[in-house]
Amino acid sequence: MTTLPSGPSAGADTGTTVVRMAGIDKSFLGVQVLFGVDLDLRAGEVHALVGENGAGKSTLMKILAGVHQADGGTVELDGHAVSFEHPLQAQHAGVSTVFQEFNLLPERTVAENVFLGREPRRRGLVDAAQMNAATAALLEDLGLTWLSPQTRVRSLSVAGQQIVEIVKALSHDARIISMDEPTAALADEEVEVLYRLIGTLRERGVAVLYVSHRLKEIFDLSDRVTILKDGALVDTVDTARITSDELVKLMVGRPISSFFPDKIEGTAIGETRLRLDGCGNAQLDGIDLELRAGEITALAGLQGSGRTEIAHALFGVDRFTRGSMWIDGRRVRVRSPRQAVRAGIALVTEDRKAEGLALNQSVMANARLVLDAVQPGQAGRRVQNIPGILSSLDLVARDVDQEVRFLSGGNQQKVVLAKWLATEPSVMVLDEPTRGIDVGAKQRVYSLMRELSARGVAILMISSELPEVIGMADRIVVLRDGRIAGELSAGADEESVMSLATGHAMGGEQ
Amino acid sequence: MSQTTETVDVAQQRSRSRWNLGPTELVFVALVGIVIIGAVLVGLRGQNLFNTANTVDMFTRSSLLGFIAIGQTFAILCRSLDLSVGYVVALTSIVAATTMEGDTGRIGLGIGAVLLVSGAIGLANGLIIAVLRVNPFITTLGMGLIIKGYLDTQYQGPAGSVPTQFQQFGFTRLGFLPLSTAVMLAVALAGFLFLRKSRTGYHMFAVGGNAEVARMSGIRTGRVMVTAHVLCSLCAGLAGLLIAARFGTGSALVYDNLYELDSIAAVVLGGTLLLGGRGGIAGTIGGVLILAVLDTVFNILQVDPFFKDVLRGVIIIAAVAIYARRQLDRKARRIRFDDGNGGSATSDAAPKVPPSAGSSGRQPPPPAGVRGAPGDAHETSQTGTTIRQGPKGEGR
Amino acid sequence: MKATNARRRPQVTELAGRLFGGGGGTVYALLLVIFAAIFVVNASFLEPASLMAFVKMAAPIVLLAIGQYFVIVSGELDLSVGSLVGAQVVIAARLIDGEEGRTVPVLLLMLAFGVLVGLVNGLITTILKVQSLITTLGMMLVLYGAIRLWTGGAPTGALSEAFRQPGRGGIDMPVVRQLPWAVIILAVFMVLAIMLMRSSYGKTLMATGDNERTATFSGARVWQVRTAAFVLSSVMATFAAVLIGGFAGVTAQVGEGLEFTAITAVVLGGVVLGGGRGTVVGAMGGALALQALFTLFNQLALPATIRPAAQGLIIIAAVAYAARERSRPAAAMERSDVSTEPEDHPRDSQKQTTT
């Protein structure tokens, strides 16, 4: 890592505190997600913000960005209290944010994107020459001379687009830039470019708030790190004074309570239901995986490590281009979700609203959708089971004719589960099954998983929440960069999962 | 990692070996191709496609549709569309003719009235779409029907008359270029510059490309939408003036000519995305000229006029299918591992990250069917450190 | 319902919500109002015989609206139905050419032609990924051109008496004097359409229009589902053509503008362009209300030429009325960040109580 600038160098105002957030509280409809969090950013520092999923990182960042407004506490910019009502306000004040989803127009050029909404004008007309020159100057200033202002954003790689986002943020004369998982979508080679850019920003005295799951990046890049857990501040420490082991301990290490239901008496691990043998495609390589009847296998790993890709490939949304897939000892090729359903596989997707539900349809219509779509002839018999399934899941709805968009997240998830239970699958893949649902619904999901495995269903649970992985799984498979990094048995601790997922224990940091 | 490999990494221009042309260039290549084929076919009949009469015919045909299609381009760029233009043309031809009433002194008044009426219709369209949030298809369809009802009720036949001086607009020629075509091209140039030079023009691409991004960038999307529709209707008004000049009177029945559909076809043929955010006037003019050349060639070849409709329908569908194909090819996806079978549809269009100099590249994947060996040591290039990974982790 | 913890009895407010919420119920309230207005102008309208005549007149539009409904609810649009009606009538006249014996074979041929047109529309839209607006617009041009090319510009031939029966004839009976075949055909198709929408196909169709990705992830073959909708639309247009041909005879203008009338009817019935929302019963109601409105204009002795204007106003007003809920300015921004929140905002459930 010789290319990285080492530590903050002497800028004029390096070290002055530019942002001070104190005692930030935030609730969403009665659910408190931030509890009196403090955070201060100094000019010329890279400040990492870490924590597990749901720890409140994104919410805190969005409060700084003006997307959300804090319920309590203060935000000070250069010692003056501010309250941003809109991201544009924050931007004008010098606080820019690079969100996870791109805010670019792919069909327009780099310069046009950077200056969108405030194109320079001369005599009333847009001065494209000046706009390109200003963008070129900005790029050159950051050492990004290889990027032409007149390139269409569409033709850039993901990293290139990410860099345009950052350049756009900087062009607002940003003194504070926050980035939400900027490397989540980047290939390793591309990460280097981002590293260099962040180094340049630090030299310029810009304060960088860097949200990431990847420990290596945090140690590579940051000067200080703030750790959040369950919406509360754990600590802010100098990165140099902490080891990755200690950091992992601060992030996780929550006592595992009796929150997770015990295995149901008599649950036995049976025969292999589904087997992947050396499977791979553009995102995955060398995937060997066995799912056995009655067993809950957890698939852990960082965002972008290939977890969802495995689910999509074995469900026929994508395909494996290498290796073989076996169900109940027979080799199968799954080319569409339809074939997967016929083969007895169910997939509860990560994005409930975009992939799991037809929001304007009724509870019943959603619950019977797979039966209707795949086996219209025999739908009738299994449809009769649906009311029973719904009530066994404790669904709270006005009636089964209510449209699902009116339900809470937890109840929506129950509808998705019911939809798949109705097909009586032998393999059930659950991608982040408890994301965004309330505690009661979570418990119901967990107990359902236990019930299913007692009935001999093979379960693959994909999860970012380590307590859930540890608490539920019989076996934990950890992915890193599209390959299986290792496998842990039940009862492993969170740190060893994290170590495998980040690869830090093998000397990854500094 | 050297500077040069990085350039390839991140700023990679996706390989354009298969499609070297942007949509606008493609339209004009297609235009040239059609002109050549047309000239050959016409030549086989012993005639010359490029003689004055034929050239004038081509240009004359292009002017009327040109005006309407230029306007339609603005609407479509904003991810809207205007189905009322045909009726606006009919209405404004009558407004022009009845206002002028054959009086040379009232030409200015007539033009003013046309611009006022068409502008007001565009304003109404834009406001209904932007403020009442009514689907543009429904809004402009409804507006068209309202105008149709008015026209059908008030005007059974031709109405008003246009003074001879104004009729020159329809018939004068500057060499082989009809005046109306020259005006149309001037309007096209103005529209082109508007999109290239004005902030509002820039913002139309933003609103059509992603309204949310536009809003987050501080663009008042509603105003942009209204502007696009006003411009669209004004262009239709110009077409109405041209109709009045050519016919010498206002004609309500020209709405039967389905100008709205022809103009959408020309715009889409010209490479503007029906879903907005990409395209422009130049392509539209290309699309208009393609349709005009086809008409002229068919005319010379004495192709049944109804066959032209058939062919036009086929061409429009085919053109959009080709554009759709190109869009599909373009979908980029991150490739982490080379595809062993090489059969994936995305592999050719997706960015390839070449092994870079400073950090070691990945090993080629095991061939298909061979059991992938996760236990093999391999390098990750994140920092250049080598990480040894075990198949069954430490937890066992 | 077993799955209910917080079930409420239907209340007056809910009924009001159904009637004025902009959904399918609203249009039947509108239909009653229009009927009442017609009755005020002309009390004899509510006599069974004239009601029968009204339904007979409305039958083709209702059939077209049902067909258009299938396509719209799947998230697409079919602009080719008007030209298809015209083409079918012309085909019938030319091929039958007044000979009774050819009626049935030609009817079968027309049905096959309708299926073919729907297949082409559907496959171009789903496989070649051409927007259905363009596909069906192209089909419209092709059909118009091809039919006129075939007939040399003006329709030739004549329909047979048997062919005209469904559009004109009926069963003589007391009270209503005559029960038109058109009414029977309409009733059959209405029942079939309602049954279809209750079937597995109907549910999958709705889900496809609502969220294509969810439908795919649930194992639906989206391209087949959508293509079938286009085929249904073309088949309904074919039956509408039989009724229209029988009733009105053969002219070059037959069918012109009917696609927009059908779309107006469907939208008036509370069906949302873009797919996944609205009922086929609402679409039928929309068609009946539109036809009732035209009847009212007749009764008021308004010129027929005013129809399009009324149609235009109605379609804009209906959609604006239905869209008033969605027009909160902040909605789009809020939506973008919901997914990252630890707990979903049950925003919509709040909204529900206000309607």
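Note that the structure is predicted; figures quoted are calculated from it, not measured.

Right, let's get into the overall build of chain C. In terms of regular secondary structure, chain C is built from 16 helices and two strands. By residue count, 52% of the 355 residues in chain C fall in the buried class. Residue pairs at least 24 apart in sequence account for 77% of intrachain contacts in chain C once pairs closer than 6 positions are excluded.

Each side of the interface is counted separately: chain B has 38 residues, and chain C has 39 residues. Going through the elements one at a time, helix H6 (136-154), helix H12 (259-269) and helix H14 (305-330) of chain B are the ones with two or more residues in the side of chain B that touches chain C. When grouped by side-chain class, the residues that make up the side of chain B that touches chain C number 23 nonpolar, seven polar and eight charged.

The subject of this paragraph is the sheet that holds strand S18 (residues 345-348) of chain A. Pairing between the strands of a sheet is mediated by backbone hydrogen bonds and can be parallel or antiparallel. Residue and element names in this part refer to chain A. Reading across from one edge, S18-S19-S20-S15-S21-S22 is the order of the six strands in this open sheet, with mixed pairing throughout. Every other strand in the sheet has two partners, leaving S18 and strand S22 (483-489) as the edge strands with one partner each. With direction set aside, neighbouring strand axes in the sheet form an average angle of 20°. Pairing geometry for strand S19 (residues 427-431) and strand S20 (residues 458-462), over five bridges, is parallel. Among the inter-strand pairings, Val-429 is bridged to a residue of S20, identified as Leu-460. Here helix H17 (residues 439-454) sits on the sheet and contacts strand S15 (296-301), S19 and S20; the angle it forms with S20, its principal contact strand, is near 150°.

Turning to helix H12 (residues 258-268) of chain C, a few remarks are in order. Residue and element names in this part refer to chain C. Within H12, eleven of the eleven residues are buried, which leaves the element mostly enclosed by the surrounding structure. Leu-258, Glu-259, Phe-260, Thr-261, Ala-262, Ile-263, Thr-264, Ala-265, Val-266, Val-267 and Leu-268 are the residues of H12 that are buried. Gly-270 sits one or two positions beyond H12 and adopts a positive phi of about 85°.

All names here are of chain B. By the secondary structure assignment, Thr-172 is in the loop between helix H7 (164-171) and strand S1 (173-174). Look at Thr-172 and you get partly exposed, because 13 C-beta atoms sit within 10 Å. Separated by 107 residues in the primary sequence, Thr-172 and Leu-65 place their C-alpha atoms 18 Å from one another.

Right, let's talk about the UniProt feature "transmembrane region" (unreviewed entry) in chain C for a bit. Mapped onto the present numbering, the UniProt feature "transmembrane region" (unreviewed entry) falls at residues 20-45, 51-72, 108-128, 140-159, 179-197, 228-248 and 306-323 of chain C. What you have in residues 179-197 of chain C is 89% helix and 11% strand, and the ends, taken at the C-alpha atoms, are 27 Å apart.

This part is about the nonpolar core. Of all hydrophobic cores here, the largest spans 389 residues; its most connected members are Ile-177, Val-429, Met-461 and Val-497 of chain A together with Val-62, Ala-65 and Ile-66 of chain C. When residues of this core are assigned to their parent elements, the largest contribution, 17 residues, is made by helix H11 (residues 221-247) of chain B. Beyond its immediate sequence surroundings of up to four residues, Val-429 of chain A is in contact with Ala-311, Phe-315, Ile-345, Ala-346, Leu-347, Val-348 and Leu-460 of chain A.

Moving on: unusual backbone geometry. Residues and elements named next belong to chain A. In this structure, Glu-424 takes a positive phi of about 50° despite not being glycine. With respect to the secondary-structure elements, Glu-424 resides in the loop between helix H16 (409-421) and S19. Positive phi outside glycine occurs at Asp-481, with the angle close to 50°. If you trace the backbone, Asp-481 turns up in the loop between strand S21 (475-480) and S22. Here Asp-481 falls in the buried class, since 25 other C-beta atoms lie within 10 Å of it.

Moving on, we come to the environment of Met-428 of chain A. All names here are of chain A. Among the structural elements, Met-428 can be located in strand S19. Judged by local crowding, Met-428 falls into the buried class, with 27 C-beta atoms found within 10 Å. When sequence neighbours within four positions are dropped, the list of residues in contact with Met-428 reads Ala-346, Trp-420, Leu-452, Val-457 and Ile-459.

For the rest of this paragraph, the subject is the sheet that holds strand S16 (residues 322-327) of chain A. Residues and elements named next belong to chain A. If you walk across this open sheet you meet the four strands as S14-S13-S16-S17, and the pairing is antiparallel. Looking at the sheet topology across the chains shown, the edges are occupied by strand S14 (287-292) and strand S17 (330-332). Ignoring strand direction, the axes of neighbouring strands in this sheet form an average angle of 20°. Where S16 and S17 come together, three bridges link them in antiparallel fashion. Note that in S17 the partner of Trp-326 across the bridge is Arg-331.

Let's shift gears to the pairing of strand S11 (residues 224-229) of chain A. Note: strand S3 (residues 46-50) of chain A against S11 of chain A, four bridges, orientation parallel. Across the sheet, the residue bridging to Val-50 of chain A is Ile-227 of chain A, located in S11 of chain A.

This part covers helix H4 (residues 81-96) of chain C. Residues and elements named next belong to chain C. Counted at 1.5 Å a residue, the expected span for H4 with its 16 residues is 22 Å, and the 22 Å between its end C-alpha atoms agrees. The element H4 is largely enclosed, with a buried count of 14 among its 16 residues. At the C-terminal side of H4, Asp-97 shows a positive phi close to 50°.

The subject of this paragraph is the domain arrangement of chain A. Often, the extent of an interface is quoted as the loss of accessible area upon association of its parts. Residue and element names in this part refer to chain A. If you check the domain split of chain A, you get domain 1 (20-27 + 36-107 + 152-251), domain 2 (275-344 + 426-510) and domain 3 (353-424). Taking only C-alpha atoms into account, the centre of domain 2 sits 24 Å from that of domain 3. Listed as interface residues are twelve residues of domain 2 and, on the opposing side, twelve residues of domain 3. Those elements giving two or more residues to the side of domain 2 that touches domain 3 turn out to be helix H10 (337-342) and H17. A total of five residues in the side of domain 2 that touches domain 3 trace back to one element, the largest contributor, which is H17.

Rules behind the numbers
- Residues numbered from 1 in each chain as written.
- Chains lettered and ligands numbered in written order.
- Predicted model: local features only at pLDDT ≥ 70, side-chain atom pairs only at ≥ 80, totals over all residues.
- Helix = DSSP H or I, 4+ residues; strand = E, 2+ residues; numbered from the N terminus.
- Buried ≥ 20, exposed ≤ 12 C-beta atoms within 10 Å, placed from the backbone.
- Contact = placed C-beta atoms within 7 Å.
- Nonpolar A, V, L, I, M, F, W, Y, C, P; charged D, E, K, R; others polar.
- Pairing = 2+ DSSP bridges.
- Axes fitted to C-alpha atoms, helices over the stretch in contact; angles between N-to-C directions.
- UniProt positions renumbered as here; feature names shortened; annotations may be inferred.
- Core = buried A, V, L, I, M, F, W, Y, C linked by C-beta atoms within 7 Å.
- Expected span 1.5 Å × (residues − 1).
- Domains from an automatic or database assignment.

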